[in-house]
Amino acid sequence: RGGLAPSEAAWDAALGEVLGDRGQPVLHAQPVVELTRGTVAGYELLARFPTTVLSAPPDQWFEAGSRRGLGAALQARVVRRGLLALDHLPPNTFVSLNVDPHVVDDDAVLAALASRPRLDRLVVELTEHTQPRDLHVLDQVVADLRARGGLVAVDDAGTGYAGLTQLLRLRPDIVKVDRELVSGIDADPVKRAMVAMLGDLAGRMDAWVLTEGIETRGELEVLLALGVPLGQGWFLGRPAAQMALTVPPEVGEQVRAAVARVSWSGHVVSLLRPATTTTDPGTPGDVLVDDAGRPLRVWDDGDPGAPCWRGATVLSPSTQVRDAALRAAARPAPDRWAPLVLTDGRGAVVGTVTVTDLIGSLARDRPGHD
């Protein structure tokens, strides 16, 4: 950044040129990796502005736009360009876009989101660092996103002013852990405890945890041991103009090596049972799903005299067995023995786990058990 800061006149000219050019800004894609398998689960789309117009990092562009009342217009432009990527996504992946809560209800942003009837495989990331203008309107926008197949993430979890309050209000589908909590986590037991706490909270909300800023093998191995299912960072892949279909071979090898050093015997993936899905409650299947393949209900045949559909309790494959058992026990009595549903990073069903298997696993792991 070295030189003098751009003048306000320079910013006026630069923003006018970018907003007048339908090709700007350009979006680069950073892979989001499913850590248990070392495969690409999705991509975060990040805005990049032309250095030929004005050389400054993206956050300064958005700050300058906000000072001029152009922040919503700039973010709406990013949303429109990001939605185009949905037509070119590799199979079984998603894209995520950052939107500030205080502009998500702006007419320009709402129009951009409404330009596509369905939002399947889109994740809208809401940062914790800004205050929404109207919480009730934000609730309505989030409900509309979900009704059209989109997912919601809370970005920078654990560091913003809103903290746990916003997590509890929005009940996001993905909880993104800020890089401040990831950097050096292999040498900081307090950071490990904080990430474990966020993971437990996310699990109880049927959300996935995604850790940002993974830059070393040591950080990756600690996150694997904590059962974190999704991650991104320079160690796993840097932002690029093209969507990487796979992680680089050397990175994949390092991820697989790290996974091999972590025992999965204490995680529900070790108890996974295959499951069939159906979109029609009158058609046989283990899990009832919506049109996007996300679980709604699970078939409970534990009582041979009265099998029925129960509410689906959703977990990631890396959930600890003990935590899964606690989730099952905390359900209302009629649902307590229904199978739990495991989903991948897109929210699609990968299998089920029975409560009987959870109890059996805990009994086998009990100290002194033969």
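The structure presented is a predicted model; accordingly, all values stated were derived computationally and were not measured. (Residues numbered from 1 in each chain as written. Predicted model: local features only at pLDDT ≥ 70, side-chain atom pairs only at ≥ 80, totals over all residues. Heavy atoms only, no water.)

A. Representation of the sheet that holds strand S13 (residues 314-315). Taken in spatial order, the three strands of this open sheet run S13-S14-S15, and their pairing is mixed. The sheet terminates laterally at S13 and strand S15 (349-353), the two strands that pair on one side only. (Pairing = 2+ DSSP bridges. Helix = DSSP H or I, 4+ residues; strand = E, 2+ residues; numbered from the N terminus.)

B. Highlighting the sheet that holds strand S9 (residues 277-278). On the basis of which strands lie adjacent, the open sheet formed by four strands has the order S9-S10-S11-S12 and mixed pairing. Single-partner strands in this sheet number two, and they are S9 and strand S12 (308-311). Pairing analysis gives four bridges linking strand S11 (residues 295-300) to S12, with the strands arranged antiparallel. Within the sheet, the bridge partner assigned to Trp299 lies in S12 and is Trp309.

C. Geometry of the environment of Cys308. Mapped onto the fold, Cys308 is located in strand S12. In this structure the C-alpha to C-alpha distance between Cys308 and Ala338, which are 30 residues apart in sequence, comes to 9.6 Å. Setting aside chain neighbours within four positions, we find Cys308 in contact with Val298, Trp299 and Asp300. (Contact = heavy atoms within 4.5 Å.)

D. Quick peek at the pattern of salt bridges. Per the stated rule, a full pass over the model turns up 19 salt bridges. Among the salt bridges present, the one from Arg68 reaches Glu8, with a minimum N-O distance of 2.4 Å. Of this pair, Arg68 sits in the loop between helix H2 (58-67) and helix H3 (71-84) while Glu8 sits in helix H1 (residues 8-20); the two residues are 60 residues apart in sequence, bridging distant segments of the chain. Members of the salt-bridge network, linked through shared partners, are Glu8, Asp12, Arg67 and Arg68. (Salt bridge = Lys/Arg side-chain N within 4 Å of Asp/Glu carboxyl O.)

E. The arrangement of unusual backbone geometry in detail. That bond from Gln24 to Pro25 is cis: its omega, -5 degrees, falls within 30 degrees of zero. In this structure, Pro25 sits in the loop between H1 and strand S1 (26-34). Positive phi, normally seen in glycine, also occurs at Arg171, with a value near 45 degrees. Positionally, Arg171 belongs in the loop between helix H6 (164-170) and strand S6 (174-177).

F. Structural context of the pairing of strand S4 (residues 122-127). Of all six residues making up S4, six are buried, and the element is well covered by its neighbours. Looking at chain direction, strand S3 (residues 94-99) and S4 are connected through five bridges and run parallel. Paired with Ser96 across the bridge in S4 is Val123. A crossover connection joins S3 to the parallel S4 through helix H4 (residues 107-114); in handedness this β-α-β unit is right-handed. Pairing of S4 with strand S5 (residues 151-157), which is carried by five bridges, proceeds in the parallel orientation. The residue of S5 that forms the bridge with Val123 is Leu151. (Buried < 20%, exposed > 50% of the residue type's maximum accessible area, 1.4 Å probe, protein only. Right-handed = clockwise from strand over helix to strand, strands pointing away.)

G. Focus on the packing of H1 against H2. Interaxial distance between H1 and H2 falls to 10 Å at its minimum, and their mutual angle equals 100 degrees. Judged by the angle between their axes, H1 and H2 are roughly perpendicular. Taking contact as the criterion, the partners of Glu8, Trp11, Ala14, Leu15 and Val18 in H1 are, on H2, Gln60, Trp61, Ala64, Gly65 and Arg67. Class assignment for the residues of the contact of H1 with H2 results in six nonpolar, two polar and two charged. (Axes fitted to C-alpha atoms, helices over the stretch in contact; angles between N-to-C directions. Parallel < 35°, antiparallel > 145°, perpendicular 65-115°, else oblique. Nonpolar A, V, L, I, M, F, W, Y, C, P; charged D, E, K, R; others polar.)

H. Fine view of the nonpolar core. In terms of nonpolar packing, the biggest core is built from 72 residues, with Trp61, Val95, Val99, Leu122, Leu126, Leu220 and Leu236 touching the most fellow members. At six residues, the largest contribution of residues to this core is made by H3. The residues contacting Leu126, other than those within four sequence positions of it, are Val99, Pro101, Val104, Leu138, Val142, Val152, Ala153, Val154, Asp155, Gln166 and Leu170. Within the second largest apolar cluster, eleven residues are counted, among which are Leu315, Ala324, Leu340 and Leu358. (Core = buried A, V, L, I, M, F, W, Y, C linked by side-chain atoms within 4.5 Å.)

I. Representation of H4. For H4, the set of buried residues is Val109, Ala112 and Leu113. Burial along H4 is one-sided: seen end-on, the buried residues are contained in an arc of 95 degrees. Facing away from the buried side of H4 by more than 90 degrees, the exposed set consists of Asp107 and Ala114. Looking at the buried side of H4, the elements it contacts are H3, S3 and helix H5 (135-147). Of the residues that open H4, the one with a side-chain oxygen 2.8 Å from the backbone nitrogen of Ala108 is Asp106. (Arc of directions from axis to C-beta. Polar contact = N/O pair within 3.5 Å; in protein donor to acceptor, adjacent residues only side chain to side chain.)

J. Focus on the pairing of strand S7 (residues 208-211). Residues Trp208 and Leu210 point to one face of S7 and Val209 and Thr211 to the other, with burial holding for every one of them. As paired elements, S6 and S7 share four bridges and run parallel to each other. Directly across from Val177, in S7, lies its bridge partner Thr211. Sheet topology places S7 next to strand S8 (residues 230-231); two bridges connect them, and they run parallel.

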